[in-house]
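# Observations on the three-dimensional arrangement
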Amino acid sequence: MNPLVEFCISNLAMGAQETYDILENDPNIDVLEYGCLNFCTLCSEKLYALVNGEVVEADTPEELTKKIYAYIEENPLF
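An unreviewed UniProt entry lists the protein chain under the name DUF1450 domain-containing protein, from Ureibacillus thermophilus.

This is how it looks when you write it as structure tokens:
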């Protein structure tokens, strides 16, 4: 079972698309996008994604990518 990373389409438009594209090319991660993840306040302020249901946030796409990979490594699925 691969880790699941979920993105809000509005947050993709705000800059998270770069992270989405990188993760989409990783065969060990499942990536989905939704119209809304109901984190509208966070979505308007930062880049973020849900990783296995937990919020991971950052200020830049590069930082978001690093934090997502770090979260996955620190919280492996069993």
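### Description of the packing of helix 1 (residues 9–24) against helix 3 (residues 61–74)
Axis separation between helix 1 and helix 3 bottoms out at 8 Å; the angle between their running directions is 40 degrees. What the angle tells us is that helix 1 and helix 3 run oblique. As for how helix 1 packs across helix 3, the hand of that crossing is right-handed. Facing helix 1, whose interface residues are Gly15, Ala16, Glu18, Thr19, Ile22 and Leu23, helix 3 presents Pro61, Glu62, Leu64, Thr65, Ile68 and Tyr69.

### Topic: the pairing of strand 2 (residues 30–34)
On a regular strand, each side chain points to the face opposite its neighbour's, so the side chains alternate between the two faces of the sheet. Sheet topology note: the strand 1 (residues 4–8)/strand 2 ladder contains five bridges and is parallel. Bridge assignment links glutamate 6 to a residue of strand 2, and that residue is leucine 32. Handedness of the crossover is the feature at issue here: the chain leaves strand 1, passes through helix 1, returns alongside strand 2, and the resulting connection is right-handed.

### Observations concerning helix 3
Look at helix 3: 20 Å from first C-alpha to last across 14 residues, which is about the 20 Å you get at 1.5 Å a residue. Those residues of helix 3 that fall on the buried side of the exposure criterion are Pro61, Leu64, Thr65, Ile68 and Ile72. One face of helix 3 carries all of its buried residues, which in axial projection span an arc of 100 degrees. Among the exposed residues of helix 3, those pointing more than 90 degrees away from its buried face are Lys66, Glu73 and Glu74. Along its buried surface, helix 3 packs onto strand 1, helix 1, strand 3 (47–51) and strand 4 (54–58).

### Quick look at the nonpolar core
Counting 16 residues, the largest nonpolar core has Val5, Phe7, Leu23, Leu64 and Ile68 as the members making the most contacts within it. At the level of elements, strand 1, helix 1, strand 3, strand 4 and helix 3 are the ones that each hand at least two residues to this core. At four residues, the largest contribution of residues to this core is made by helix 1. In this structure, valine 5 is in contact with Leu23, Ile29, Asp30, Val31, Leu32, Ala49, Leu50, Val51, Ile68 and Ile72, ignoring residues within four places of it in sequence. In terms of nonpolar packing, the next biggest core, distinct from the first, is built from six residues, Leu42, Cys43, Tyr48 and Leu50 among them.

### Quick word on helix 1
Along its 16 residues, helix 1 runs just 14 Å from first to last C-alpha, ending more than 12% under the 22 Å computed at 1.5 Å per residue. Of all the residues in helix 1, the buried ones are Asn11, Leu12, Ala16, Thr19, Tyr20 and Leu23.

Rules used throughout
Counting from 1, residues in each chain are numbered in the order their sequence is written. In keeping with the model being predicted, local features are shown solely for residues with a pLDDT of at least 70 and side-chain atom pairs are shown and tallied solely at 80 or more, while totals for entire chains, interfaces and linings include all residues. No hydrogens and no water enter the side-chain calculation; it runs on all heavy atoms of the structure. Axis angles are defined between N-to-C directions and span 0 to 180 degrees, where every axis is a line fitted to C-alpha atoms and, for a helix, only to the segment in contact. We count a stretch as a helix when DSSP gives it H or I for four or more residues in a row; a strand needs E for two or more, and each element gets its number in order from the N terminus. Here is the rule for angles: anything less than 35 degrees is roughly parallel, anything more than 145 is roughly antiparallel, 65 through 115 is roughly perpendicular, and the remaining ranges are oblique. Throughout, a crossing is termed right-handed when the near helix is turned clockwise from the far one, and left-handed when it is turned anticlockwise from it by less than a right angle. Contact between two residues is taken to exist if any of their heavy atoms lie within 4.5 Å; hydrogens are not considered. Strand pairing requires that DSSP identify at least two bridges connecting the strands. Handedness of a crossover is defined as follows: orient the strands so they point away from the viewer, and if the path from the first strand over the helix to the second runs clockwise, the crossover is right-handed. Multiplying 1.5 Å by the helix residue count minus one yields the expected span of that helix. The cut-offs for exposure are 20% and 50% of the maximum accessible area for each residue type, with area from a 1.4 Å probe on protein chains only; residues under the lower value are buried, those over the upper are exposed, and the others partly exposed. Directions drawn from the helix axis to the C-beta atoms are what define this arc. Among buried residues, the Ala, Val, Leu, Ile, Met, Phe, Trp, Tyr and Cys ones that are joined through side-chain atoms within 4.5 Å form a nonpolar core.

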